[in-house]
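Examination of the molecular architecture
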Amino acid sequence: MAAPTRKRLPLPAPRMAAASTSAPPRWRERAAMAARGAEAEAQALFEAHTAAELRAVERRLRAGIEQKREELRQMVGERYRDLIEAADTIAEMRLSADRLLGAVRGLQRGGAARPSPAAPVRPPAQESFYRAAAQLKLLLEVPEKVWGAVEGGRYLPAARLHLLGAHLRRQLQLETPRARGGPILARFPILLRQVAAASHLRSTILQESKSLLKSQTVSDQAVAEALCAIMLLEDSSPRQALADFLLARKLAIQQLLNQPHHGAGIKAQVCSLMELLTTTLYQAHALFYTVPEGMLQDPALPCGLLFSILESTTGQHPAGRGGVLEEEVKLSSWFRYLPESVVEFQPALRTLAHPISQDYLRDTLQKWIAMCSDDIRAGVSNLLVYVKSMKGLAGIRDAVWELLTSESISQNWEAVCRRLLDKPTCFWEDLLQQLFLDRLQTLTKEGFDSISSSSKQLLTLALQELEVKSSTSALSKHIQFEHNVALFLWSESSSDLPSDAAWVSVANRGQFAKSGLSMKAQALTPCVQSFCSALDSKLKARLDDLLSYLPTDSSAAKEAAPVVQPRSAFDRYADAGTVEGLLRDHCVACIHRVLGCVREELQSAQSLLEGQTDAPSNARLNAVLFMARLCQSLTELCPHLKQCILGQSGSTETALKETRSSKKLGKGKAQEVTPVQAKWQGVKAELLQQSLFAYQIWSSAVTKNLVQCFTRTLLLDTAGSVLATATNWDEIEIQEETESGNSVTSKIRLPVQPSWYVQCLLFSLCQEVNRVGGHTLPKVTLQELLRTCMAEVLAAYEKLVEEKQEKKAGTFPMTQNRALQLLYDLRYLSIILTAKSEEAKTSRIKHDSGIEKVTDFLEGHIDPFDLDVFTPHLNSNLNRLVQRTSVLFGLLTGTENQYTSRSGTLSSQELHNILPLASSQIRFGLLPLSMSSSRKSKSATRSTERVQCDADL
């Protein structure tokens, strides 16, 4: 058919003419405006650029014009080619449609004119030809259907179709040695490719089926069909199918453990591993377990699925239904030429698929679990290396617990384990719990190792800063406070009182809230506070991290557990005691390492101070005192140290026990100490021991230095030195009775002040004690300081006695006045420096014997008659001196020596009991205290003796 032609109609000429004559010439105006703009732009270019620059501009413009022109040509050419191709396609479509319409009309005309023939009767040769052609047709379509089934994940239909293709090749004798020279392959050479691709199809179905067995998300039906496909293709038994299934799951476990892991992915990997293990047992029960005879099958627990699918696949179908091709029979007309052996084809196994015995199934699964356990332990251990916090471990454990406690897994878990393994199984307790504990121990050890190493570095840095000489300018205020604690005590700071001190009472204040005044009251310097704060913050971080692995409230959790979770897979807090024990042990070991560093520094300082013959270095003593205060205050300023050792609930329980025990002290019942509390008490004792050792080093060095100066001045044996150290004497008038009975008034002179070197010794000693915060010094340290000082002072007096007894030539003689002054000094020192506690009884006995020897020597240089006259007045002066200096030397004398002689004159009804305000030594004197009965009797006898002496005189 010729395409109809279209004539283009001409435009109406009159309208065009009218338009051309009547329309205004706008294009001319626009052209003129463009020309004027271009001229102005060109003029601006000539004004702003040189000739060379204008040539460059011209070249760029010409290049741009050529580029645009070329782009326009290409665009027009491409559009023109597209237009031509579209026109050619339209023309071809038109011709094809015309030919098809003509053919259809011809068939219609021929069919109407021809009479309908009778059904043809084909000869047997033609019938056999049709059967062979239909089989060839089916053989050619089988690979495509197999690939479609494989791509759709239907591996059992794919295997059946593949076996049908093998049956067709046997029917057509295509796999025999003579087949290559046969007429079929000669006429249809494409069948050679089909025969060669058959083995590839088989390997692909097997590979895809075995890869499906590795997946944990597929249904039991899909796994059973994949196993059936493998059994049909490999002609294997159910036992071999079980081995293939377990081997695939083992490979899946190894593949899961070897995946790349990044932080949070480890939780997903461990959960996937647990899900894979539980799913494997569930599917092993659903596929291979068969209910013994005489027992009813539980509908909630399907079993024997593999054998039912095998029976439906390999068994005979009822009449009227086809085999592998039952759906394809109704689709095409040529399938009716297929022989019955092809239409009703069913794959079959060479041996019968007998059910697996329960003993064999149990043994095989137990061996598989034992074999996978080694891989799981090694793999999970490698995964947990990348978990850097106990919170992460707790998150993984909780995720595993939630997974195993979920209803889909825990509902029939006990029944499945009892049927398959004859025992309950918990994968957490058998595989993961110890791995988590090992990793937790490693994290705890690494955490406390880092704490101890950082604490050692911080301690070394603090000691280096403290050993800087105090004369150095630009010392920080904190270092100055360490050099002189009294400066810290009497300095004011904005942090002395908390911001809410006006409306929040002390009882309602937090446990860890410490004001600046409380720190000053305990002489806890900023350096000690910063060290303890740094250590406590690290311990708090470690404790908070570990508490995430422990129950928040153990009692509440145990009570609510049976209500919230009736089926708990495992007790996730069963190892809480072990975890707290690990925390306790590593914390104690960390403190021991820090104490070992402190001990080494103290021993080094002790050896250096003992080797010095001159005055000890203040910088070294400052470091020693810093370590003493640090060990003394570590338990109080690091409250999380106590929590780490006592455990999560131990601190509160201990606090309650301490309050109860304090209330029951009067009942005389000994409180039981748990092993945990004993360990905490041991740590406190070790810290106190190191603190006392450091204070002992300081007291020995201070005493040695001060007493050396005292001894050197005491042993100076010149008249000038004696006069230089002499003090004012008191002139006392006394009444004496002569032999005739007349009274005679005479004057005597007695010392009322100790020598200057004695006052310097005591004042310097008080200064040193005050400089280090004497009110916070342990009582033992202060007693040791007084005892050592008194022993060395007594040794100096004994040395003086030895020198005087030798009577060397040229020495200053021991006069009565000097003997009186020395006796007065010695008795005053013995009163001030003698400790009154029960612990000092033995040392006081030794001192009393030494003092008596020196006293006897000095009294030997005094006239006996004068001594009897001087003694009451000397005692009176001594008592007044002790009372006057009790406040000045209060840090040394303590509360026991602060009394007045008026107590001896008071009646028993006027005695008062005034309690001390603090149990430790104080800076300023308190109100007078009531004395013991022995002290009162002694003072009363002394006062009565003085009254009698005055009356006699």
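Residues numbered from 1 in each chain as written. Predicted model: local features only at pLDDT ≥ 70, side-chain atom pairs only at ≥ 80, totals over all residues. Heavy atoms only, no water.

**Brief notes about the overall build of the chain**
Looking only at helices and strands, the chain has 35 helices and two strands in total. Classification of the 953 residues of the chain by burial places 39% in the buried group. Counting contacts in the chain only where the partners sit at least 6 residues apart, residues at least 24 apart contribute 80% of the total. By element, 55% of the accessible surface of the chain is carried by carbon and sulfur atoms, the whole surface being about 55,100 Å². (Helix = DSSP H or I, 4+ residues; strand = E, 2+ residues; numbered from the N terminus. Buried < 20%, exposed > 50% of the residue type's maximum accessible area, 1.4 Å probe, protein only. Contact = heavy atoms within 4.5 Å. Areas by Shrake-Rupley, 256 points an atom, 1.4 Å probe, with all protein chains shown as cover.)

**Describing the pattern of salt bridges**
Where side chains of opposite charge bring their charged atoms close, a pairing between them can arise. With the rule as written, the count across this model stands at 20 salt bridges. The salt bridge involving Asp422 is made with Arg362; its shortest N-O contact spans 3.0 Å. Here Asp422, found in the loop between helix 16 (413-421) and helix 17 (427-466), pairs with Arg362, found in helix 13 (residues 358-384); they are 60 residues apart in sequence, far enough to count as distant. Exposure remark for Arg362: the relative accessible area of 18% places this residue in the buried category. Notably, a salt bridge pairs Glu768 with Arg771, separated by 3.4 Å at the nearest N-O pair. Separated by three residues within a single helix, Glu768 and Arg771 lie in helix 29 (residues 756-771), roughly one turn from each other. Shared partners join several salt bridges into a network, and the residues in it are Asp359, Arg362, Asp363 and Asp422. (Salt bridge = Lys/Arg side-chain N within 4 Å of Asp/Glu carboxyl O.)

**A few points about the packing of helix 27 (residues 675-714) against helix 29**
Where helix 27 meets helix 29, the closest approach of the two axes is 10 Å, and the angle between their N-to-C directions is 165°. Considering their axes alone, helix 27 and helix 29 lie roughly antiparallel with respect to each other. For the pair helix 27 and helix 29, the sense of crossing is right-handed. Contact residues: helix 27 offers Trp698, Val702, Leu706, Val707, Phe710, Thr713 and Leu714, while helix 29 offers Tyr757, Val758, Leu761, Ser764, Leu765, Glu768, Val769 and Arg771. For the contact of helix 27 with helix 29, a count of residues per class yields 11 nonpolar, two polar and two charged. (Axes fitted to C-alpha atoms, helices over the stretch in contact; angles between N-to-C directions. Parallel < 35°, antiparallel > 145°, perpendicular 65-115°, else oblique. Left-handed = near helix turned anticlockwise from the far one by under 90°. Nonpolar A, V, L, I, M, F, W, Y, C, P; charged D, E, K, R; others polar.)

**Things to note about the packing of aromatic side chains**
Under the definition given, this model contains seven aromatic pairs. Feature note: the residues Tyr282, Trp413 and Phe427 constitute an aromatic cluster, connected by ring pairs. The aromatic ring of Tyr360 is capped on one face by Arg239, whose charged end is 4.0 Å from the ring centroid. Taking NZ or CZ as reference, Arg397 lies 4.3 Å from the ring centre of Tyr549, over its face. (Phe/Tyr/Trp six-rings, centres within 6.5 Å; stacked < 30°, edge-to-face > 60°. Lys NZ or Arg CZ within 6 Å of the ring centre and 35° of its normal.)

**Some thoughts on the side chain of Asp536**
Looking at the element boundaries, Asp536 is found in helix 21 (residues 526-547). Buried charge Asp536 goes without a salt bridge, the closest partner of opposite sign being Lys540 at 8.0 Å. Look past the residues within four positions of Asp536 in its chain and what remains in contact with it is Leu637, Cys638, Pro639, His640 and Leu641. (Lys, Arg positive; Asp, Glu negative; His and termini not counted.)

**Some thoughts on a negative patch on the surface**
On the surface, a cluster of negative charge is contributed by Glu78, Asp82, Glu85, Asp88 and Glu92. Examined against the element boundaries, Asp88 turns out to sit in helix 3 (residues 51-113). (Patch = residues over 30% accessible without salt bridge, like charges linked within 9 Å, V, L, I, M, F, W, Y side chains within 5 Å. Charge placed at Lys NZ, Arg CZ, Asp CG, Glu CD.)

**A few points about the pairing of strand 2 (residues 743-751)**
The side chains of a regular strand alternate between both faces of the sheet. Pairing of strand 1 (residues 729-737) with strand 2 involves nine bridges; the strand directions are antiparallel. Note that in strand 2 the partner of Glu737 across the bridge is Ser743. Where strand 1 folds back on strand 2, the antiparallel hairpin that results is connected by five residues, among which Gly741 adopts a positive phi of roughly 95°. (Pairing = 2+ DSSP bridges.)

**Describing the confidence of the model for the chain**
For the chain, mean pLDDT is 76; residues scoring 70 or higher make up 74% of the total. Low confidence marks residues 652-669, where pLDDT is under 50. Its contacts with residues over four positions away, or in another chain, come to eight contacts. (pLDDT = per-residue confidence, 0-100.)

**Overview of helix 31 (residues 816-833)**
In a regular helix each residue adds 1.5 Å, so 18 residues correspond to 26 Å; helix 31 covers 25 Å between its end C-alpha atoms and thus fits that length. Burial within helix 31 is extensive, with 14 of its 18 residues counted as buried. (Expected span 1.5 Å × (residues − 1).)

**Structural notes on the packing of helix 24 (residues 618-637) against helix 27**
Here helix 24 crosses helix 27 at 155°, and the two axes come no closer than 8 Å. Comparing their axes, helix 27 and helix 24 come out roughly antiparallel. Note on packing geometry: the crossing formed by helix 24 with helix 27 is left-handed. In this structure, helix 24 uses Leu621, Val624, Leu625, Ala628, Arg629, Cys631, Gln632, Leu634 and Thr635 to contact helix 27, whose residues at the interface are Trp680, Lys684, Leu687, Gln690, Ser691, Ala694, Tyr695, Ile697, Trp698, Ala701 and Val702.

**A short note on a nonpolar patch on the surface**
Among the surface-exposed residues, Leu72, Met75 and Val76 lie close enough to one another that they form a single nonpolar patch of about 280 Å² accessible area. Relative to the helices and strands, Met75 resides in helix 3.

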